[in-house]
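A structural walkthrough
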Amino acid sequence: MFEQIKLPYETNALEPYIDKETVETHHGKHHATYTKNFNELAEKAGVANLSAEEILANLDKISDESLKKGLKNQGGGYYNHNLYFEMFSPTPAKAPVGKLAEAIDSTFGSLDALKDRMSTLAAGQFGSGWAWLSCDKSGALTVSTSLNQDNPISEGKGLIPLIALDVWEHAYYLKYKNLRPDYIKAFWEILDWSKVSARYDEIVG
């Protein structure tokens, strides 16, 4: 059974950057629904024994188009939100360390350059979707965007997400209204780079 991430902080702990009501609605309602629906669809499709990553990477093996679409949307919503909420902290490390810091500098020039590039992509994403920092198994970094609940895994890019920046309106509209760039700026204030660095180390070994 796929389990929704339990928040490693109180629902008001990310204020003033993300407010308590948004966290309670986003995690407690939206994410909870994705998790419930994903579990039901995975059981129906006979893939509940696989990991979420395995399901999303092998959607082409699902012959039923309705089930395939449902698993992509609900499974993506489950996976994407787990990563999104996991990487926040009320007392975040403000910069990456070790291998990730080196990879960011060599790929983008600096941490600020990466943040600027990813922020621009996120702000420019038309409609609902996500912006990503991902890597492949060798550690090579890339930034991208995706529509709806798609992600680099379900898109078959051979990439593993490190940072998930949610730009669906439900992620920010209660506090920021239509000012998506303000929300994106706030996102970086609570992103815990120590968690991102640890995830990168685990992937590249």
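For the rest of this paragraph, the subject is the overall build of the protein. Secondary structure summary: the protein contains eight helices and three strands in total. Radius of gyration (C-alpha) of the protein: 16 Å, near the 17 Å computed for a compact globule of 205 residues. With respect to the three principal axes, the spread of C-alpha positions in the protein is 45 × 40 × 30 Å. Of all intrachain contacts in the protein linking residues separated by at least 6 positions in sequence, the fraction that spans at least 24 positions is 68%. Summed over all atoms, the accessible surface of the protein reaches about 9800 Å², with 51% contributed by carbon and sulfur.

Further remarks concern the nonpolar core. Counting 47 residues, the largest nonpolar core has Tyr84, Leu141, Leu162, Ile163, Leu165, Tyr183 and Trp193 as the members making the most contacts within it. In terms of residue count, the dominant contributor to this core is helix α7 (residues 180-190) (six residues). Within the second largest apolar cluster, 15 residues are counted, among which are Phe2, Phe38, Val47 and Leu59.

We now examine the packing of aromatic side chains. Here the structure, examined in full by the defined rule, presents 14 aromatic pairs. Ring centres of Phe38 and Tyr78 lie 5.4 Å apart, and the angle between their planes is 35°; this geometry places the pair in the tilted category. Taken together, the positions of Phe38 in helix α1 (residues 20-45) and Tyr78 in helix α3 (residues 65-86) put the pair 40 residues apart, joining distant regions of the chain. Take Phe38: its relative accessible area is 0%, and that puts it in the buried class. Between Tyr84 and Phe88, the ring centres sit 4.8 Å apart and the planes meet at 80°, which makes this aromatic pair edge-to-face.

Another point: helix α8 (residues 193-204). Counted at 1.5 Å a residue, the expected span for α8 with its 12 residues is 16 Å, and the 16 Å between its end C-alpha atoms agrees. Along α8, the residues classified as buried are Trp193, Val196, Ser197, Arg199, Tyr200 and Ile203. Burial along α8 is one-sided: seen end-on, the buried residues are contained in an arc of 160°. Phi for Gly205, located one or two positions after α8, is positive at around 75°.

Two quantities define a packed helix pair, namely the angle between the axes and the distance from one axis to the other. It is the contact of helix α4 (residues 98-108) with α8, at a shortest axis distance of 7 Å, that shows an interaxial angle of 90°. In terms of axis orientation, α4 runs roughly perpendicular to α8. Contacts between α4 and α8 involve Lys99, Leu100, Ala103 and Ile104 from the former and Trp193, Val196, Ser197, Tyr200, Asp201 and Val204 from the latter. In terms of residue class, the contact of α4 with α8 is made up of seven nonpolar, one polar and two charged.

Running from N to C, α4 and helix α5 (residues 111-124) cross one another at 70°; their axes reach a closest spacing of 8 Å. Judged by the angle between their axes, α4 and α5 are roughly perpendicular. α5 is crossed by α4, and the crossing has left-handed handedness. Of the residues in α5, those in contact with Ile104, Asp105 and Phe108 of α4 are Leu111, Ala113, Leu114 and Arg117. Partitioning the contact of α4 with α5 into residue classes produces five nonpolar, no polar and two charged.

With glycine set apart, most residues show a phi of negative sign, and most peptide bonds adopt trans. With an omega of 5°, the peptide bond running from Glu15 to Pro16 counts as cis. Examined against the element boundaries, Pro16 turns out to sit in the segment before α1. At Asn148, a residue that is not glycine, the phi angle is positive and equals roughly 50°. For Asn148, the position within the fold is in the loop between β2 (141-147) and β3 (160-166). Phi is positive for Lys177, which is not a glycine, with a value near 55°.

Reading the values: rules and limits
- Residues numbered from 1 in each chain as written.
- Predicted model: local features only at pLDDT ≥ 70, side-chain atom pairs only at ≥ 80, totals over all residues.
- Heavy atoms only, no water.
- Helix = DSSP H or I, 4+ residues; strand = E, 2+ residues; numbered from the N terminus.
- Rg over C-alpha atoms; globule rule 2.2 N^0.38 Å.
- Contact = heavy atoms within 4.5 Å.
- Areas by Shrake-Rupley, 256 points an atom, 1.4 Å probe, with all protein chains shown as cover.
- Core = buried A, V, L, I, M, F, W, Y, C linked by side-chain atoms within 4.5 Å.
- Buried < 20%, exposed > 50% of the residue type's maximum accessible area, 1.4 Å probe, protein only.
- Phe/Tyr/Trp six-rings, centres within 6.5 Å; stacked < 30°, edge-to-face > 60°.
- Expected span 1.5 Å × (residues − 1).
- Arc of directions from axis to C-beta.
- Axes fitted to C-alpha atoms, helices over the stretch in contact; angles between N-to-C directions.
- Parallel < 35°, antiparallel > 145°, perpendicular 65-115°, else oblique.
- Nonpolar A, V, L, I, M, F, W, Y, C, P; charged D, E, K, R; others polar.
- Left-handed = near helix turned anticlockwise from the far one by under 90°.

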